[in-house]
Amino acid sequence: MSLEILKSLGVALAGDSGLPADEIPSILPEPPPPNIDADFTVNCFRLAQAFKRRPDQLAESAERTLASMPEVEKVGRVKAFVNVRMKPAELHRQCAKFAEGTLSQPFLPESRRMRILVEFSSPNTNKPLHLGHLRNNAIGSSVSSLLSKAGHKVTRTNLVNDRGIHICKSMLAYRLHGDGITPESAGIKGDHLVGDFYVKFDKELKAQIEELRASDPKLKNVENDELFARTSIGAAAQDMLRKWESGDKATVELWKKMNSWVLDGFSQTYARMGISFDKIYFESDTYLRGKETVEEGLRKGVFGRREDGAVFTDLEKSSLGKKILLRPDGTSVYITQDIGTTLLKQSEFSPDQQIWVVGDEQIHHFKTLFAIMKQLGHPWADRLVHLSYGMVNLPSGRMKSREGTVVDADDLFDELFSLAKNATLERFEGKEPPPDIDSRAETIAMGALKFMLLKFNPKTTVTFDPQASVKFEGDTGPYVQYACARISSILRKCEEKGVAYAPELANFAALSSREERELSVRAAIYQSALSLALEKLDTSVISSYLLDLAKSFSRFYREHSVLNADDPGLRNARMGLSILVRDILKDGLAILGINVPEAM
RNA sequence: GUCCCGGUAGCUCAGAGGAUUAGAGCAUCUGACUUCUAAUCAGAGGGUCGCAGGUUCGAAUCCUGCCCGGGACGCCA
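Residues numbered from 1 in each chain as written. Chains lettered and ligands numbered in written order. Predicted model: local features only at pLDDT ≥ 70, side-chain atom pairs only at ≥ 80, totals over all residues. Heavy atoms only, no water.

Another point: the overall build of chain A. A tally of helices and strands in chain A yields 22 helices and 13 strands. Taking the principal axes of the C-alpha coordinates as reference, chain A spans close to 85 × 70 × 45 Å. Taken over 600 residues, chain A has a buried fraction of 54%. Taking the contacts inside chain A whose residues are at least 6 apart along the sequence as the reference set, 73% of them involve residues at least 24 apart. Accessible surface, chain A: about 27800 Å² in total, of which carbon and sulfur atoms supply 49%. Charge centroids of chain A, computed over 79 positive and 81 negative side chains, lie 3 Å from each other. (Helix = DSSP H or I, 4+ residues; strand = E, 2+ residues; numbered from the N terminus. Buried < 20%, exposed > 50% of the residue type's maximum accessible area, 1.4 Å probe, protein only. Contact = heavy atoms within 4.5 Å. Areas by Shrake-Rupley, 256 points an atom, 1.4 Å probe, with all protein chains shown as cover. Lys, Arg positive; Asp, Glu negative; His and termini not counted. Charge placed at Lys NZ, Arg CZ, Asp CG, Glu CD.)

Shown next as structure tokens:
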């Protein structure tokens, strides 16, 4: 797919280059720099490789070919950039056709569509979700949507980490100090209630460690981790974990109760974010998996056994060193579980590809996991992907739950909601505020938050400044939403005046201004943005694109009136263009998980 | 010690396998609401692209070395 004119160009250039018809590279338009008088640029530096020609030669051929086309008004060339200006009617017709194609059908050819399983979020059930989880959720969810839009069959999964010593910490603190309190009796969300006990445990642990140190000067240089089991509270937590693993009734009951509180809280947070999963795995169900696979690998000689009985694998060849898979006592480690769940997901859904959205501190872990899958001879092992992302820091540094510096997800939602509501109220000063103000404010707040999380490349460690990040002006989600709301408003006004859109009346030849041309071309390159985002698995490409398109629209809006256009031909052409732009903005925002209010 | 990621305007970030005069938002300053919504638009100032070499007609981009920041290299998860 591309502009018709560029498809023809591709055919001509391929003919010159002796490429077979089914290997014609698709040529996507690029916006020209502002000082060049053209609608779009054909970048032959980028195309040179695909056409197996030298950039300058390719550009010369392209220039000649384009100059001979009737739709073309003017062609210019700077080095290997061919700048094209089309006759307005053709420009708008071809751009609209191309952009509509992108909206209405998956942009990957059927032969390249796969079944893909994405795992993201994966929270621990000992504390509520925070800003870091929100970045994970936003990335995982938007990448899943992008993959679907491309034409892949996507399964969204979440592996909830609901067992282990950290869970027992909250449980123990609850048993010691809970006094029968419940989310209902306390009037707080279950995940927050449990999180509070986690913090309590940690405080008490710290105090006990201090006591220990004070009582014995030899402990001065011993790590806190090593002192854990020597505190009464630490030992009790370990004991609780053992009891849980052996199925002790009272322990399991408490665990079930507290976990259900946390999971209830999570569902509310997910629901508010508009995130859902096709399958939720619980580590309490899966944590014993992987052992059989490791033992089988041992029998087949893929893995080795150490003198003390531990099972390990040698990944020296991949320069990953040796990795323990089973401890000397036969118990499994973190990666053993991941081996198990990877195979479980593989057998349940037979995906062609699995993607994990997990923080970049686990890059090494996933390299190891993938190398082991390859050792085990799985043909899909080459396609496993760790989509890693950087931390979200505060201006003051890292967020630390133990120090109370985490930005809580629910609190942030509430804060953004009230800011959005106040901003909306300000705009209705002296007037009756709209009845749907709460839903508007919620849409705007979530739009601002998700856009903020998704406008950066996932790999970068980002700084979240609570003061600055919470704005609704500039490069933000609300800016893009606002462009949509304005278009809706234009269309409402048109309808009120009885001049609803009539495509057959549109005179696209009349759209000759710089703003109108630019807007059409931006709309047409939507697919380029999606393709690039897919290739990089980076939805920030889409955020940037949507900002550009919204900016182009805002400029157009300032310069040209739709409703008061000189004649029906021009008005309908502008309406058609505006509708297309709104549809693209909505479509792109939907990939990012952002809704659009009808009015703002 | 080894490996990975980053260092671009005061701040937060874009700059796809080299390529048209390095971009955007915020912040600062100037201008635009009797008009389809000013959550907007137009404009100004602000950069030795961490440093030093190299490859190239051409480097923020590729190569080497160094400096700075973050992370990983667990029988933690």
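The next subject is the domain arrangement of chain A. By the assigned domains, chain A splits into domain 1 (4-86), domain 2 (120-393) and domain 3 (410-591). Computed from C-alpha coordinates alone, the two centres of domain 1 and domain 3 are separated by 31 Å. Taken residue by residue, the interface counts nine residues in domain 1 and seven residues in domain 3. Together, the buried faces of domain 1 and domain 3 total about 730 Å²; carbon and sulfur atoms form 51% of this surface. When the buried surface of domain 1 facing domain 3 is broken down by residue, L28, P31 and D39 rank first, second and third, together holding 52% of it. (Domains from an automatic or database assignment. Buried area = accessible area lost by both parts, 1.4 Å probe.)

One pass over the full model with this rule turns up two cavities of 30 Å³ or more. In terms of lining residues, the largest cavity is bounded by R135, I139, L453, L454, F456, P458, D538, T539 and S540. For the lining of the largest cavity, the secondary structure elements donating two or more residues are α5 (131-150) and α17 (437-454). Of the residues in the lining of the largest cavity, the class split is five nonpolar, two polar and two charged. Roughly 40 Å³ of internal volume is contained in the second largest cavity. Lining the second largest cavity are T125, N126, I167, S170, M171, V194, W255, M258 and N259. Those elements that provide at least two residues to the lining of the second largest cavity are α6 (165-177) and α11 (249-273). (1 Å grid on protein atoms, 1.4 Å probe; cavity = no way out; pocket = protein on both sides within 12 Å on 5 of 7 lines; lining within 4 Å. Points joined across faces, edges and corners; volume = space filled by probe spheres on them. Nonpolar A, V, L, I, M, F, W, Y, C, P; charged D, E, K, R; others polar.)

A separate point is the sheet that holds strand β8 (residues 311-315). Taken together, three strands build an open sheet; the order of strands is β7-β8-β9 and the sheet is antiparallel. Either end of the sheet is taken by a strand with one partner, and the two such strands are β7 (304-305) and β9 (321-326). Where β7 meets β8, two bridges bridge the pair, whose relative direction is antiparallel. Counterpart to R305 in the pairing with β8 is V311. Where helix α13 (residues 291-299) meets the sheet, its contacts fall on β7, β8 and β9, and the angle it forms with β9 comes to roughly 120°. Running over the sheet, helix α15 (residues 363-375) touches β8 and β9 and is turned about 95° from β8. (Pairing = 2+ DSSP bridges. Axes fitted to C-alpha atoms, helices over the stretch in contact; angles between N-to-C directions.)

Another aspect to go through is the pairing of strand β3 (residues 81-86). In terms of residue burial, β3 counts as a mostly covered element, since five of its six residues are buried. Here strand β1 (residues 40-43) runs beside β3; their pairing, made up of four bridges, is antiparallel. Bridged to F40 within β3 is V84. In this antiparallel pair of consecutive strands, strand β2 (residues 72-78) and β3, the connection spans two residues, and K79 shows a positive phi of 50°.

Before going further, it helps to spend a moment on helix α4 (residues 88-104). Its 17 residues give α4 an end-to-end C-alpha distance of 24 Å, which sits within 8% of 24 Å, the value for a rise of 1.5 Å per residue. Where α4 is concerned, the buried positions are P88, L91, H92, Q94, C95, A96, F98, A99, G101 and T102. (Expected span 1.5 Å × (residues − 1).)

Glancing now at the packing of helix α19 (residues 514-524) against helix α22 (residues 568-591). Where α19 contacts α22, the axes come no closer than 10 Å and their chain directions differ by 35°. For the element pair α19 and α22, the recorded crossing hand is left-handed. Counting all contacts with α19, which are made through E516, L519, S520 and A523, the residues of α22 involved are L570, R574, L577, L580, V581 and I584. Taken together, the residues of the contact of α19 with α22 sort by class into seven nonpolar, one polar and two charged. (Left-handed = near helix turned anticlockwise from the far one by under 90°.)

Around RNA strand B sit 58 residues, and of these Q49, R306, R427, Y482 and H560 come closest. Take R398: an N or O atom from its side chain is 2.6 Å from a phosphate oxygen of RNA strand B. One of the side-chain N or O atoms of S489 is found 2.3 Å from a phosphate oxygen in RNA strand B. By residue number, the principal contributor to the surface near RNA strand B is helix α18 (residues 477-496), which donates seven residues. (Near = heavy atom within 4 Å. Polar contact = N/O pair within 3.5 Å; in protein donor to acceptor, adjacent residues only side chain to side chain.)

What follows deals with the sheet that holds strand β11 (residues 385-389). With parallel pairing, the five strands of this open sheet are ordered in space as β6-β5-β4-β10-β11. Of all strands in the sheet, those with a lone pairing partner are β6 (279-282) and β11, marking the two edges. With strand direction ignored, the average angle separating the axes of adjacent strands in the sheet is 25°. Relative to β11, strand β10 (residues 353-359) runs parallel, the two being bridged by five bridges. Bridge pairing in β11 places W356 opposite H386.

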